[in-house]
Amino acid sequence: MKRISFWGGVLTVSVLVACKPAMKDRASAEVAQVSPIMLVGSYADVAQEGVKAFRFEEDSVRATYLCGLSGLSNPSFLVPTKDGKHLYAVKEDEGQTAGAYAISFDAENGRMTLLNEVATQGGAPCHITLDPSERFVVTANYFGGNISIMAVDDSGRLKEPVCVIPFTGKSADPERQTKPYLHAVRFSPDGRFLLADDLGTDRIHIFPVNEKAVAGRPNSLVKPDGMTDVEVKPRNGPRHLVFHPNGRYAYLINELSGNVVVFDYADGKLATKQYLEADTLHAGGSADIQLSPDGRFLYASNRLKADGIAIFKIDAQDGTLTRIGYQPTGIHPRGFALTPSGRYLLAACRDSHCIQIFRRDEQTGLLMDTGQVVEMNKPVCIRFLERPVSPA
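As the structure is a prediction and not an experimental result, all values here were calculated from the model.

Peer 1: Give a detailed account of the overall build of the protein, specifying residues and quantitative values.
Peer 2: Counting its secondary structure elements, the protein contains two helices and 29 strands. Per-residue burial over the protein gives 59% buried out of 392 residues. Accessible surface for the protein amounts to roughly 15,900 Å². Of this, 50% is attributable to carbon and sulfur atoms.

Peer 1: So what's going on with the side chain of Ser220? Residues and values would help.
Peer 2: Note on placement: Ser220 falls in the loop between β15 (203–208) and β16 (228–231). Apart from residues no more than four positions distant in its own chain, Ser220 is found in contact with Phe136, Asn210, Ala213 and Val214.

Peer 1: Give a description of the nonpolar core that names residues and reports values.
Peer 2: Core analysis: the largest hydrophobic core is formed by 33 residues, its most contacted members being Leu39, Tyr88, Phe105, Met112 and Leu158. Looking at this core, the element that brings in the most residues is strand β7 (residues 99–106), giving five residues. In this view, Met112 contacts Leu39, Val51, Lys52, Ala53, Cys67, Gly68, Leu69, Leu87, Ile103, Ser104 and Phe105; residues no more than four positions away in its chain are not counted. Core analysis: the second largest hydrophobic core is formed by 19 residues, Ile147, Ala196, Phe207 and Ala213 among them.

Peer 1: Account for the environment of Ala348, with residues named and values stated.
Peer 2: Relative to the helices and strands, Ala348 resides in strand β26 (residues 344–349). Filtering out sequence-adjacent residues up to four positions away, Ala348 remains in contact with His332, Pro333, Arg334, Gly335, Phe336, Cys354, Ile355, Pro379, Val380, Cys381 and Ile382.

Peer 1: Pulling in residues and values, what's your account of the sheet that holds strand β6 (residues 86–91)?
Peer 2: Each strand in a sheet pairs with another by means of backbone hydrogen bonds, the pair being arranged parallel or else antiparallel. Pairing in this open sheet of four strands is antiparallel, and the strands run β5-β6-β7-β8 from one edge to the other. Single-partner strands in this sheet number two, and they are β5 (78–80) and β8 (111–119). Between one strand axis and the next, the sheet turns through 20° on average, direction left out of account. Strand direction decides the pairing type here: β7 and β8, joined by eight bridges, are antiparallel. In the sheet register, Ala102 faces β8, and the bridge partner there is Asn116.

Peer 1: Describe the environment of Asp83, and please don't skip the residues or the numbers.
Peer 2: Structurally, the position occupied by Asp83 is in the loop between β5 and β6. Among the residues examined, Asp83 registers a relative accessible area of 39% and is labelled partly exposed. Spatially, the C-alpha atom of Asp83 lies 7.6 Å from that of Glu386, the residues being 303 residues apart in sequence. A distance of 2.8 Å separates a polar atom in the side chain of Asp83 from a polar atom in the side chain of Thr81.

Peer 1: If you had to explain the sheet that holds strand β4 (residues 62–70) to someone new, which residues and values would you point to?
Peer 2: The strand order across the open sheet formed by four strands is β4-β3-β2-β29, and the pairing between neighbours is antiparallel. Looking along the sheet, the strands with just one partner apiece sit at the ends: β4 and β29 (379–384). Averaged over all pairs of adjacent strands, the angle between strand axes in this sheet comes to 25°, irrespective of strand direction. As paired strands, strand β2 (residues 37–42) and strand β3 (residues 49–57) are joined by five bridges and run antiparallel to one another. By the bridge assignment for β3, Val40 is matched with Lys52.

Peer 1: With reference to specific residues and values, describe the packing of aromatic side chains.
Peer 2: Within the structure shown, the criterion is met by seven aromatic pairs. An aromatic cluster is defined as three or more aromatic residues linked by ring pairs; in this entry it consists of Tyr142, Phe143 and Tyr181. Between the NZ or CZ atom of Lys233 and the centre of the ring of Tyr275, over which it lies, the distance is 4.2 Å.

Peer 1: If you had to explain the environment of His244 to someone new, which residues and values would you point to?
Peer 2: Among the secondary structure elements, His244 is positioned in the loop between β17 (238–243) and β18 (249–254). Classification of His244 by relative accessible area gives buried; the value is 11%. For His244, the contacting residues outside a window of four places in its chain are Tyr249, Tyr251, Leu291, Gly295 and Ile314. Here the side chain of His244 touches Gly295 through a polar contact of 2.8 Å, landing on its backbone oxygen.

Thresholds, definitions, all that
Residues numbered from 1 in each chain as written. Predicted model: local features only at pLDDT ≥ 70, side-chain atom pairs only at ≥ 80, totals over all residues. Heavy atoms only, no water. Helix = DSSP H or I, 4+ residues; strand = E, 2+ residues; numbered from the N terminus. Buried < 20%, exposed > 50% of the residue type's maximum accessible area, 1.4 Å probe, protein only. Areas by Shrake-Rupley, 256 points an atom, 1.4 Å probe, with all protein chains shown as cover. Contact = heavy atoms within 4.5 Å. Core = buried A, V, L, I, M, F, W, Y, C linked by side-chain atoms within 4.5 Å. Pairing = 2+ DSSP bridges. Axes fitted to C-alpha atoms, helices over the stretch in contact; angles between N-to-C directions. Polar contact = N/O pair within 3.5 Å; in protein donor to acceptor, adjacent residues only side chain to side chain. Phe/Tyr/Trp six-rings, centres within 6.5 Å; stacked < 30°, edge-to-face > 60°. Lys NZ or Arg CZ within 6 Å of the ring centre and 35° of its normal.

So far we have only geometry, and geometry alone does not tell us how the molecule works.
In structure tokens, the structure reads:
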């Protein structure tokens, strides 16, 4: 594989180029469409840059380093604001030091600054999201068996106190499902519900969002008394869930079984319609799930055996899946993302210490290894900014 390095003179040139004033012309606008900002979270050592930003140039298949931030402990999963000026990352420590980070991001000048951190009061926060108003941050705390809600102030900092919502129960696996293990949180497309995936109890917890939530009061965001549960089959282990662009379907990847579950979705309710294997080797390590921007294809990553990404075609009439391919990857593809254009899929291969770049056939949905990677220590999460930032 061809490796793209960012040390020495190459790094210096990249940063200088990234910091030039943006050109307000047609060429710049065209480049902006194919050069999105890519943010990466990792398990890098504290002394290393655990969060990094790159500009991904699609036409040349090149990632140009912009900036990074060191001194963070296990910033494995992150979420940016819509304007790209702030991002929030988990501090995936297992004990009392677990927390969430607030970070300011200046793409034009290539700078990240840690604003503050707040304890989540739940061990191993492994997923984080923003509510649609961007006034609150929510984390799923794996070892804590709970979710945490934090308010965001006008400067982008996280505030205390934290609202913690605990769960109870277990499921059939005697080793992995002895208690709740919250793995992801996500708001419904209309923002009216918060969904929390619980690997330990084989449930998705669904909370109504309070339309009268008060800024600065995290306990006002959702209505715990209105919580409903959706159960999946025992020993599945819900991990990550995504919604189809049309808002009518949802897709859940289960870590333990390797199954993808297809749901019909309406008004805070999930109705199961299909189970399909993403991991045919039953390695118990399925990880991430993503949709193509046009809603025609779905991708799910698998670890521990024959690491790679299962590829599915989505039926336009009812949202059901047909498996059409499998793309091998580097070791332990914990997270991956498609570029906003849908032309490329980038996989964070944690134990290969790189981000692997695949070109995507937009007609067939299949992937082709470009042979190029971005080197980074233990990358696990990739996010692209929703709004393109003018290129340097």
